[in-house]
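The lines below spell out each chain.
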Amino acid sequence: NAGVTQTPKFQVLKTGQSMTLQCAQDMNHNSMYWYRQDPGMGLRLIYYSASEGTTDKGEVPNGYNVSRLNKREFSLRLESAAPSQTSVYFCASEPSLTLEQYFGPGTRLTVT
Amino acid sequence: QKEVEQNSGPLSVPEGAIASLNCTYSDRGSQSFFWYRQYSGKSPELIMFIYSNGDKEDGRFTAQLNKASQYVSLLIRDSQPSDSATYLCAARFGRDDKIIFGKGTRLHILP
C-alpha cells in the first residue's frame, strides 16, 4: 500500500502560470481533502470531496479548482498562480468509519 | 466559529521527562479528537484519536479528554529526542462535519 501519493514534490511557477497538483490514494477511502500550510497559519482547508463526483469549498478556495476524477484521485488546479499561493500543499484521505485523516507527503510550491 | 486552540511553544522538555501538550476547543458538541505529529518538512501523521472522556494509552503516549472543560491533552512519557516535532490537535463535531486543526505546538526534547 502506497497510502496517499502526491505529485510533484516541488514546483516553481511564474505569476500567471497554471498547474495541476495530483493526489491519489489506494486505501479505498471515500473522502479526500486539499490543505495548504503556511508558517504560523496551520492547516487550512481549500476543497474537499466527500465522495466520488462531489466537491465542496473549504476555508480558502479562491484561486483554486478541484476535480474528483474517480474514487482514487483528487486533483487541485491553480489557473493563474499568484505569489500568495506560495505554500506547502497537502492532500489527505479519510475512511468513512473511523474519521481520521491520512496525509500525502506534500507539494512545495513557489510562485515568483 | 469552531476553533481548536494550542499554545505554539516551543515547549522544551528534558529527555526522559513527561511532555504534556494541551489543546482546547470551542464547540461543546465536538465528538472526535485527534493528535498528529509533524516533523519539520514532513506531512502530519496520526498518533492517536480519542472519542470518550478519560484516558487512552498507546505505548508512551496517553491522550486525555475532558468534554466538560473542553480540553484534550497528550502526554508523552520517557521523552526522546526523536519526539521533537510539532504536534497538531484536531477536533470534529460530528461524522458529517469537517475536521478542525489547531496550529500546533512545537516540542523540543533536550538531550
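The notes below deal with the structure included here.

Reading guide: rules and limits
- Residues numbered from 1 in each chain as written.
- Chains lettered and ligands numbered in written order.
- Predicted model: local features only at pLDDT ≥ 70, side-chain atom pairs only at ≥ 80, totals over all residues.
- Heavy atoms only, no water.
- Contact = heavy atoms within 4.5 Å.
- Buried area = accessible area lost by both parts, 1.4 Å probe.
- Salt bridge = Lys/Arg side-chain N within 4 Å of Asp/Glu carboxyl O.
- Polar contact = N/O pair within 3.5 Å; in protein donor to acceptor, adjacent residues only side chain to side chain.
- Helix = DSSP H or I, 4+ residues; strand = E, 2+ residues; numbered from the N terminus.
- Nonpolar A, V, L, I, M, F, W, Y, C, P; charged D, E, K, R; others polar.
- Core = buried A, V, L, I, M, F, W, Y, C linked by side-chain atoms within 4.5 Å.
- Buried < 20%, exposed > 50% of the residue type's maximum accessible area, 1.4 Å probe, protein only.
- Phe/Tyr/Trp six-rings, centres within 6.5 Å; stacked < 30°, edge-to-face > 60°.
- Lys NZ or Arg CZ within 6 Å of the ring centre and 35° of its normal.
- 1 Å grid on protein atoms, 1.4 Å probe; cavity = no way out; pocket = protein on both sides within 12 Å on 5 of 7 lines; lining within 4 Å.
- Points joined across faces, edges and corners; volume = space filled by probe spheres on them.

1. Details of the interface of chain B and chain A
The partner chain A presents 21 residues to the 17 residues of chain B that form the contact. With both sides pooled, the region where chain B packs onto chain A buries about 1,500 Å², and carbon together with sulfur makes up 57% of that total. Here arginine 92 of chain B and glutamate 94 of chain A are joined by a salt bridge, their closest N and O atoms 3.0 Å apart. Our count for the chain B to chain A interface comes out at five residue pairs in polar contact (both at pLDDT 80 or more). Elements with a contribution of two residues or more to the side of chain B that touches chain A: β4 (32–38) and β9 (85–92) of chain B. The element contributing the most residues to the side of chain B that touches chain A is β4 of chain B, with four residues. For the side of chain B that touches chain A, a count of residues per class yields eight nonpolar, four polar and five charged.

2. Quick word on the nonpolar core
Residues and elements named next belong to chain B. In terms of nonpolar packing, the biggest core is built from 23 residues, with Trp35, Val72, Leu74, Ile76 and Tyr87 touching the most fellow members. At the level of secondary structure, the elements contributing two or more residues to this core comprise β3 (19–25), β4, β5 (45–50), β7 (61–66), β8 (71–76), β9 and β11 (105–110). Discounting chain neighbours no more than four positions away, the residues touching valine 72 are Leu21, Asn22, Cys23, Tyr25, Phe33, Trp35, Ile50, Gln64 and Leu65.

3. What about the pattern of salt bridges?
Think of it this way: side chains of opposite charge can pair up when their charged atoms draw near. All names here are of chain A. Taken as a whole, this structure holds eight salt bridges over all chains when the rule is applied. Here aspartate 38 makes a salt bridge to arginine 44, at a shortest N to O gap of 2.8 Å. A relative accessible area of 17% means that arginine 44 is categorised as buried. Of the charged contacts in the structure, one is a salt bridge between glutamate 79 and arginine 77, with a shortest N-O distance of 3.1 Å. Under the relative-accessibility criterion, glutamate 79 is labelled partly exposed at 43%. Of the residues examined, arginine 77 reaches a relative accessible area of 29% and is grouped as partly exposed.

4. Considerations on the packing of aromatic side chains
Per the stated rule, a full pass over the model turns up 11 aromatic pairs over all chains. Where phenylalanine 103 of chain A meets phenylalanine 101 of chain B, the ring centres are 6.0 Å apart and the plane angle is 70°; that geometry is what we call edge-to-face. Highlighted residues: phenylalanine 103 of chain A in strand β10 (residues 102–103) and phenylalanine 101 of chain B in strand β10 (residues 100–101), drawn from two different chains. Summarising the burial analysis for this pair, phenylalanine 103 of chain A and phenylalanine 101 of chain B share the class buried. The structure contains a cluster of three or more aromatic residues connected by ring pairs, namely Tyr33, Tyr35, Tyr48, Phe90 and Phe103 of chain A together with Tyr36 and Phe101 of chain B. Over the aromatic face of phenylalanine 49 of chain B sits the side chain of lysine 56 of chain B, whose NZ or CZ is 3.7 Å from the ring centroid. The ring of phenylalanine 61 of chain B has arginine 60 of chain B sitting right over it, with the charged end atom 5.6 Å from the ring centre.

5. Structural notes on the layout of surface pockets
Looking at the largest pocket, its volume works out to about 760 Å³. In terms of lining residues, the largest pocket is bounded by 31 residues, among which Gln37 of chain A together with Gln38, Tyr39, Ser40 and Gly41 of chain B are the most central. Among the secondary structure elements, those contributing two or more residues to the lining of the largest pocket are β4 (31–38), β9 (87–94) and β11 (107–111) of chain A together with β9 and β11 of chain B. Approximately 620 Å³ is the volume attributed to the second largest pocket. The wall of the second largest pocket is formed by 27 residues, among which Glu59 of chain A together with Gln1, Lys2, Ile100 and Phe101 of chain B lie closest to the centre.

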